[in-house]
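Summary of the model geometry
Letter by letter, the chains look like this.
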Amino acid sequence: MSETSANTMWGGRFSAGPDAIMEAINASIDFDRRLAPQDIRGSRAHAAMLAACGIISHEDAAAIDAGLSQVLAEITRGEFVFSTALEDIHMNVEARLREIIGTPAGRLHTARSRNDQVAVDFRLWVREQCDAAIAGLDALMRAFVTQAEAGADWVMPGFTHLQTAQPVTWGHHMLAYVEMFARDRGRFEDARRRMNECPLGAAALAGTSFPIDRDMTAAALGFDRPAANSLDAVSDRDFALEFLAASAICATHLSRFAEELVIWSSAQFRFVRMSDRFSTGSSIMPQKRNPDAAELLRAKMGRILGATVALFTVMKGLPLTYSKDMQEDKEQAFDAADTLMLGLAAMEGMVRDLTANRAALEAAAAAGFSTATDLADWLVRELGLPFREAHHVTGALVKLAEDKGCDLPDLTLSEMQKIHGQITDAVYSVLGVQNSVASRTSYGGTAPANVRARAAHWREVLG
């Protein structure tokens, strides 16, 4: 396509082609070519509506539809030649359509603008990414549920401040991430529902004087309804911001578990072994098994956070309606969506292949006075002590065990009774880690029966 033909896209207002620098900063085809399927889908729906409303002939509409099918086929086969001089995907498609079908191509843009065109293209694409994220989250949640089912009664330390706190079960820890990712899933579902309004027909910003049927195009493109305000329709990028915000929260959850995998797979913890598929060796230290996949995922999630902040920064100062700044919305969303899907797939693989070291988990759970709270609760329940007094007595017993270099269950009854004379040998029933987790039967607690019931619930929900 020649520079001359490119200039005609602007009409008679401009007599010379853009400077090379201006062309470089203005063009978006290098990235928005990705919207070609959505752009062509929107154009086909628009042409069909124009014909149904008597705005263009059915013959022209049929020619446009056939020509757009050919353009899409060329793009799909990798035969389409994209031109930077034509700026964006809309102009590239329309120019090629004109080469294929001639004059009828010029009627396609009746009653629309590139402003509502890009808004519908981008919204269609983001909607698809929400669907993809939901599917990816479902697969990841299933992998965590499988881990939970296998280790419903495996004891491990629960942490606060990365210090041993109380015993929990492996299954309970796995299900914590299922709950997190379920909320992420809900955010994508909510965002999808809110974005499902069609901006096509808003034209440049004020609507159009042509007798169009916006309900027809909305239905054809799978939207619930047309967007109700033409100014908002062309200037809104809330749908992209919501997608990015949901992605950023999901990325935070992915990164948190990636961090745990890095810690747990270390020689100091030995809680898990990551599969060879997601580990690498060292070029100099033959003993090393590096959790590179988890580390890379942890780092890549920062790209999603950055994209979210970047688009919020672009949008925060824009007056109504469309400004060219909004061209900077797509690269951020494209990169974030790609990174999120890679992260979900990688984490699903890591979790599915993960092997937990049950013996190491239980040994760690028993260390660090992890049943101290169980002891305090026993003092309240059996001896009637106020909790604050029970807390003080337990603290004294922990100090005694620490001074002796042993754990709480290793203290003798007489040693305990020197701290509080009413303690009986029944106290030993709560000091084992297995007894501790079994007692946590409150709703949402770590008891194995709770874990199995909740895992069964998620198995049914996820199918």
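Residues numbered from 1 in each chain as written. Predicted model: local features only at pLDDT ≥ 70, side-chain atom pairs only at ≥ 80, totals over all residues. Heavy atoms only, no water.

1. Comments concerning the overall build of the protein chain
For clarity, the cut-off: A run of H or I in DSSP counts as a helix once it spans at least four residues, and a run of E counts as a strand once it spans at least two, with each numbered from the N terminus. Summary of the burial criterion: residues with accessible area below 20% of their type's maximum are buried, those above 50% are exposed, and those between are partly exposed, where the area comes from a 1.4 Å probe applied to protein chains only. Here, residues are in contact when the closest pair of their heavy atoms is within 4.5 Å.
Looking only at helices and strands, one finds 19 helices and six strands in the protein chain. For the C-alpha atoms alone, the extent of the protein chain along its principal axes is close to 100 × 55 × 40 Å. Split into buried and exposed, the 463 residues of the protein chain put 48% on the buried side. Long-range pairs, those at least 24 residues apart, make up 74% of the contacts in the protein chain with a sequence separation of at least 6.

2. With respect to the packing of helix H5 (residues 58–77) against helix H6 (residues 89–101)
Packed helix pairs are characterised by how far apart their axes lie and by the angle those axes make with each other. Cut-off, in case you're wondering: Axis geometry follows a simple rule: fit a line to the C-alpha atoms, using only the stretch in contact for helices, then measure angles between N-to-C directions, giving values from 0 to 180 degrees. Each crossing gets its handedness from the near helix: less than a right angle anticlockwise from the far helix is left-handed, clockwise is right-handed.
Contact geometry of H5 with H6 gives a least axis separation of 9 Å together with a crossing angle of 120 degrees. In this structure, H5 meets H6 at a crossing whose hand is right-handed. Here Ala63, Ile64, Gly67, Leu68, Gln70, Val71 and Glu74 of H5 lie close against H6, whose contacting residues are Val93, Arg96, Leu97, Ile100 and Ile101.

3. Remarks on the layout of surface pockets
Our working definition: Put plainly, a pocket is an open set of points on a 1 Å grid over the protein atoms alone with protein on both sides within 12 Å along at least five of seven lines, a cavity is a set where a 1.4 Å probe fits but cannot get out, and a lining residue has an atom within 4 Å of a point. Grid points are joined across faces, edges and corners, and a volume is the space filled by probe spheres set on the points.
Here the largest pocket defines a volume of roughly 550 Å³. Lining the largest pocket are 22 residues, with Gly158, Phe159, His173, Ala176 and Glu260 sitting closest to its centre. Residue assignment for the lining of the largest pocket shows that the elements contributing at least two residues are strand S1 (155–160), strand S2 (163–169), helix H8 (170–195) and helix H11 (238–264).

4. Here's the deal with the packing of aromatic side chains
Inclusion rule: When the centres of two rings from Phe, Tyr and Trp lie within 6.5 Å, Trp using its six-membered ring, the rings pair. Their planes under 30 degrees apart give stacked, over 60 give edge-to-face, and anything left gives tilted. By the criterion adopted, a ring carries a charge over it if an Arg CZ or a Lys NZ lies within 6 Å of its centre and within 35 degrees of its normal.
Under the criterion given, the structure shown has 16 aromatic pairs. Residues Phe144 and Tyr177 carry aromatic rings whose centres are separated by 5.6 Å and whose planes lie at 15 degrees to one another, so their mutual orientation is stacked. Of this pair, Phe144 sits in helix H7 (residues 114–150) while Tyr177 is found in helix H8, placing the two residues 33 residues apart along the sequence. One exposure class covers both Phe144 and Tyr177, and it is buried. Here Lys330 stacks its cationic end above the ring of Phe122, 5.5 Å away from the centre of that ring.

5. Looking at helix H19 (residues 448–462)
The criterion, for reference: A helix's residues, less one, multiplied by 1.5 Å, set its expected span. Directions pointing from the helix axis toward each C-beta atom define the arc.
Spanning 15 residues, H19 covers 21 Å between terminal C-alpha atoms, matching the ideal 21 Å at 1.5 Å per step. When H19 is considered as a whole, its buried residues turn out to be Pro448, Val451, Ala455, Trp458 and Leu462. Along the axis of H19, the buried positions cluster into a sector of 85 degrees, meaning they face one direction only. Facing away from the buried side of H19 by over 90 degrees, the exposed positions are Ala449, Glu460 and Val461. In this fold, the buried residues of H19 make contact with H7, S2, H8 and helix H18 (433–439).

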